[in-house]
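Structural features, examined
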Amino acid sequence: MKFHIITLFPEAFDSYLTESIIGRAIKEKRIQVTFTNPRMFVSGKYKKVWPDGNVSRVVDDKPYGGGPGMIIRAEPVLKAVESVTKKIAKRKNAKIKIVNFSPSGEKFTTAYAKTSAKKYTDIIMLCGRYEGIDARVAKILKAQDVSIGDYVLTGGELPAMVLIDSISRQIPGVLGKFESLEEERISSSEFYTRPEVLEYKNKKHRVPKVLLSGDPKKIDEWKNRAKKE
Ligand code: ADE
C-alpha cells in the first residue's frame, strides 16, 4: 500500500512514521508514504522572487462571499495531486482512492480500514489547513470526504496519520503474527503485566485472578467480558 500525502506540513509526520510498528512496516517496504507539498506548485502572481533570491509562494486566498480565515487555492493542490497520479499511472493495475478530510465527512472505522486495505494500492490524502481547500478540488477529483470523529481539528495531518496507522494494521505482515491473531480472535481493553501485586500509596492492586489461572477458555471468557464492559 502506498499512501500519498498532500500537505503543507510534511514535517508534522516525521516522528510518528519512524516509530514502532509503522516505522517497521515502512522499513520492510510493506507500506510506503510519500509527501507532496502544494506550495511547490504555486505559480503566477502568487509566486514572488525577491531581489535577495528568496522565493515566496502563497497557497491561500480570501474566501468568496466573505468570512474569516483563508482558503487553500485549488490550483496548487490539483497540480500536486496530478504529479502524484502521473507517477502512480506508470504502474499497471494501480487502484487509487482519493480522500479529503472534513469533520462532516463519512466516519472512518475499522471496517473502512479493512475495505481500503483490500481494495486499493494507492490512497491519496488531501490535508486541508486554515478554513479548508477550495471545494472544487474534491469535486474535480471525486475525492471522498472522511471524518475521524465528531470534533474539529486544525488540519488534515492528524486524520491522515490515523488512516495510515489503522489501514496499515490491516495489511498482511504489518502486525506480527501474534498481534494480528490476537486482534482477530479476542482482544480485551484491559491488559496487565508484572508485578502481580502492585503497591501504590499503601494499597495493593492485584492482577485479575483468572489471568493467572492458565485456563485458556476462562481467560477468553474474561477477555470477552472485559471488552464489552
Ligand atoms: N478536519 C478537521 N477536523 C476533522 C475531523 N474530525 N476529521 C477529519 N478531518 C478533519
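My aim in this report is to walk through the structure given alongside it, one point at a time. (Residues numbered from 1 in each chain as written. Predicted model: local features only at pLDDT ≥ 70, side-chain atom pairs only at ≥ 80, totals over all residues. Heavy atoms only, no water.)

Some words on the site of the ligand
Definition in use: A molecule or strand has a residue near it when one of that residue's heavy atoms lies within 4 Å. Per-residue and other accessible areas were derived by the Shrake-Rupley procedure at a 1.4 Å probe size, with only the shown protein chains allowed to occlude residues. Buriedness of a pocket was judged along seven lines, with at least five required to meet protein on both sides within 12 Å; pockets are open sets of points on a 1 Å grid over the protein atoms alone, cavities are sets where a 1.4 Å probe fits but cannot get out, and lining residues have an atom within 4 Å of a point. Pocket occupancy is defined atom-wise: a molecule lies in a cavity or pocket when more than half of its atoms are within 2 Å of its grid points. Secondary structure elements follow DSSP: runs of H or I of four or more residues count as helices, runs of E of two or more count as strands, with numbering from the N terminus. When residues are sorted by character, Ala, Val, Leu, Ile, Met, Phe, Trp, Tyr, Cys and Pro go into the nonpolar class, Asp, Glu, Lys and Arg into the charged class, and all the rest, Gly among them, into the polar class.
Taken together, F101, S102, P103, V146, S147, I148, G149, Y151, V152, L153 and P159 are the residues near the ligand. Starting from 260 Å² of accessible surface for the ligand in isolation, the protein chains cover 95%. Among the cavities detected, the one that contains the ligand is the largest pocket. For the shell around the ligand, the elements supplying multiple residues, two or more each, are β7 (96-107) and β9 (144-147). Here the element with the most residues in the shell around the ligand is β7; it accounts for three residues. Here the shell around the ligand is composed, by residue class, of eight nonpolar, three polar and no charged.

Examining the pairing of strand β1 (residues 2-6)
Applied cut-off: When accessible area is computed with a 1.4 Å probe and restricted to protein chains, residues below 20% of their type maximum are described as buried, those above 50% as exposed, and intermediate ones as partly exposed. Any two strands are treated as partners once DSSP identifies two or more bridges connecting them.
In terms of burial, β1 is largely enclosed, as four of its five residues are buried. Both β1 and strand β2 (residues 32-36) contribute to a ladder of five bridges, which runs parallel. Counted as the bridge partner of F3 is V33 from β2. Direction of pairing for β1 relative to strand β8 (residues 122-126): parallel, over a ladder of five bridges. Among the inter-strand pairings, F3 is bridged to a residue of β8, identified as I123.

Thoughts on the sheet that holds β7
Let me state the cut-off plainly: Under this scheme, a helix contributes an axis fitted over its contacting stretch, all axes are lines through C-alpha atoms, and angles between N-to-C directions fall in the 0 to 180 degree range. Pairs of residues are marked as contacts when any of their non-hydrogen atoms sit within 4.5 Å.
Read from one edge to the other, the open sheet built from five strands follows the order β2-β1-β8-β7-β9, with strand pairing classed as parallel. Either end of the sheet is taken by a strand with one partner, and the two such strands are β2 and β9. Put simply, the sheet's adjacent strands are angled 30° from each other on average, direction ignored. Across the sheet, helix α4 (residues 110-119) lies against β7, β8 and β9, angled at about 170° from β7, the strand it touches most.

Note that every value here comes from positions in space, so none of it alone points to a role or purpose.
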